[in-house]
Amino acid sequence: MDTNPRVALVTGANKGIGLEIARQLAQAGVFVIIGARHIGRANAAVADLAAQGLVSEPLLVDLNDLEGMPQAARAIEDKYGRLDILVNNAGIVDPDDGAPSAGMPEAARRIMDTNFIGTLAVTQAMLPLLRTSQAARIVNVSSSLGSLTLNGDPDSPYYAVRLIGYNASKAALNMLTVQLAAELRDTNIVVNSVSPGYVATDLNGHSGPMSVQDGARLPVKYALLGDDAVSGRFVEPDGSTPW
Ligand code: NAP
């Protein structure tokens, strides 16, 4: 057993891809903190992993509660003194999102608040802890729907998916990856955007062809990148994807 395991926080880890990322990280010997916006859901995920002999811990992390971020960071600092991996996985879609001509602006605001503003806030709150790690990794769970290039390419399968709020939120998340990777260029912190693929979860009514096991694989790979880690990339299961 690893006596000094890496410590990871996964947001939105109570279900879907996030829970599976947590499971695969724990199976790789990482100590995982299950971030969730309801502590009961985090506890249930911890119990789920425990049933497989995997140890994790629940933590209240609500991306819509910016004032709660320092408390979440303090809880990690008090217990571990550092954070090695941050997987920014939590995200939403909204039924009132839609094409730019019709998607409701309030829906776009809700999505941006969670997927971008909340992720920015949790990242900022965790940065001091990540700076104390010898080799920190930030994985922003993005989507190929956030690619400006693919949204404008009639030959792309993503061209027809007109969700102005969701797609813009993932493009904004990608901007966080690019700017943060540049800002942290000379540090021990590596930042990447990872599109998991089209995965069957509650987010899409389980319409995706991929399992959560397969969808978690690439985010986990980027969370565990070694010494030769690249930073500031946007990848999907088929390889690199254009910004
Ligand atoms: P999911 O099953 O709906 O899980 C989303 C997770 O985010 C849940 O744990 C949810 O918590 C959490 N969450 C939502 N709002 C939150 C908030 N304000 N604070 C904290 N947590 C919050 O969806 P998923 O498919 O696994 O999605 C995970 C990530 O993958 C998302 O960022 C999504 O955009 C991205 N993604 C998914 C696909 C796909 O095909 N599924 C493709 C590309 C990218 P609750 O249970 O409390 O709602």
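1. Here's the deal with helix α1 (residues 16-27)
In an α-helix, one full turn covers 3.6 residues, which means residues spaced three or four apart are oriented alike. Across its 12 residues, α1 extends 17 Å between first and last C-alpha, which sits within 8% of the 16 Å expected from 1.5 Å per residue. Most of α1 is tucked away, with 10 of its 12 residues classed as buried. Residues of α1 that are buried include every one of I17, G18, L19, E20, I21, A22, R23, Q24, L25 and A26, and no others. Buried residues along α1 sit against β1 (7-10), β2 (31-36), α2 (39-50), β4 (85-88), β5 (136-141) and α7 (212-223). The first or second residue beyond α1 is G29, which carries a positive phi of 95°.

2. A short note on the pairing of β1
The two faces of β1 match: V7 and L9 on one face and A8 and V10 on the other face are all buried. The pairing of β1 with β2 spans 4 bridges and is parallel. The residue bridging L9 from the neighbouring strand is I33, located in β2. Since β1 and β2 lie parallel, the crossover through α1 that links them has a hand, and here it is right-handed. Pairing of β1 with β4 involves 3 bridges; the strand directions are parallel. Each bridged residue has a counterpart across the sheet, and for A8 the counterpart in β4 is I85.

3. Points about the packing of α1 against α7
Two numbers describe how α1 lies on α7: the axes approach to 8 Å, and their chain directions differ by 60°. Here α1 is positioned oblique relative to α7, judged by the angle of their axes. When you trace α1 past α7, the crossing you get is right-handed. Mapping the contact onto sequence places G16, I17, E20, I21, Q24 and L25 in α1 and V212, Q213, G215, A216, R217, P219, V220 and A223 in α7. By residue class, the composition of the contact of α1 with α7 is 8 nonpolar, 4 polar and 2 charged.

4. So, the packing of aromatic side chains
Any aromatic ring pair is given by two values, namely how distant the centres are and how the planes are angled relative to each other. Counted by the stated rule, this structure contains 2 aromatic pairs. Pairing F31 with Y80 gives two aromatic rings, centres 5.3 Å apart and planes at 40°, and the pair type is tilted. Note that F31 is positioned in strand β2 and Y80 in helix α3 (residues 69-80), a separation of 49 residues in sequence. Given the relative accessible area of 18%, F31 is considered buried. Accessibility expressed as a relative area gives 22% for Y80, which makes it partly exposed. With centroids separated by 5.3 Å and ring planes inclined at 25°, the aromatic side chains of F234 and W243 adopt a geometry described as stacked. Residue classification places F234 among the buried positions, given a relative accessible area of 3%. Judged by its relative accessible area of 35%, W243 falls in the partly exposed class. Positioned over the ring face of Y159 is R162, at 5.0 Å from the centre of the ring.

5. Remarks on the sheet that holds strand β8 (residues 239-240)
Read from one edge of the open sheet, 8 strands run β3-β2-β1-β4-β5-β6-β7-β8, paired in mixed fashion. Every other strand in the sheet has two partners, leaving β3 (56-60) and β8 as the edge strands with one partner each. By the bridge criterion, 6 bridges tie β5 to strand β6 (residues 189-194) in an arrangement that is parallel. Directly across from A136, in β6, lies its bridge partner I189. Against the sheet, helix α6 (residues 164-183) makes contact with β5, β6 and β7 (234-236), and its axis sits at roughly 155° relative to β6, the strand it touches most.

6. Structural notes on the environment of L63
Inspection of the secondary structure puts L63 in the loop between β3 and α3. The spatial distance from the C-alpha of L63 to the C-alpha of G35 is 9.9 Å, given a sequence separation of 28 residues. With residues near it in sequence (within four places) discarded, L63 still touches M69, A90, D113, T114, G118, T119 and V122.

7. Details of a nonpolar patch on the surface
On the surface, M175, V178 and W243 cluster together to form a nonpolar patch covering roughly 270 Å² of accessible area. Considering the arrangement of structural elements, one finds M175 in helix α6. For M175, a relative accessible area of 48% puts it in the partly exposed group.

The rules behind the values
Residues numbered from 1 in each chain as written. Predicted model: local features only at pLDDT ≥ 70, side-chain atom pairs only at ≥ 80, totals over all residues. Heavy atoms only, no water. Helix = DSSP H or I, 4+ residues; strand = E, 2+ residues; numbered from the N terminus. Expected span 1.5 Å × (residues − 1). Buried < 20%, exposed > 50% of the residue type's maximum accessible area, 1.4 Å probe, protein only. Contact = heavy atoms within 4.5 Å. Pairing = 2+ DSSP bridges. Right-handed = clockwise from strand over helix to strand, strands pointing away. Axes fitted to C-alpha atoms, helices over the stretch in contact; angles between N-to-C directions. Parallel < 35°, antiparallel > 145°, perpendicular 65-115°, else oblique. Left-handed = near helix turned anticlockwise from the far one by under 90°. Nonpolar A, V, L, I, M, F, W, Y, C, P; charged D, E, K, R; others polar. Phe/Tyr/Trp six-rings, centres within 6.5 Å; stacked < 30°, edge-to-face > 60°. Lys NZ or Arg CZ within 6 Å of the ring centre and 35° of its normal. Patch = residues over 30% accessible without salt bridge, like charges linked within 9 Å, V, L, I, M, F, W, Y side chains within 5 Å. Areas by Shrake-Rupley, 256 points an atom, 1.4 Å probe, with all protein chains shown as cover. Salt bridge = Lys/Arg side-chain N within 4 Å of Asp/Glu carboxyl O.

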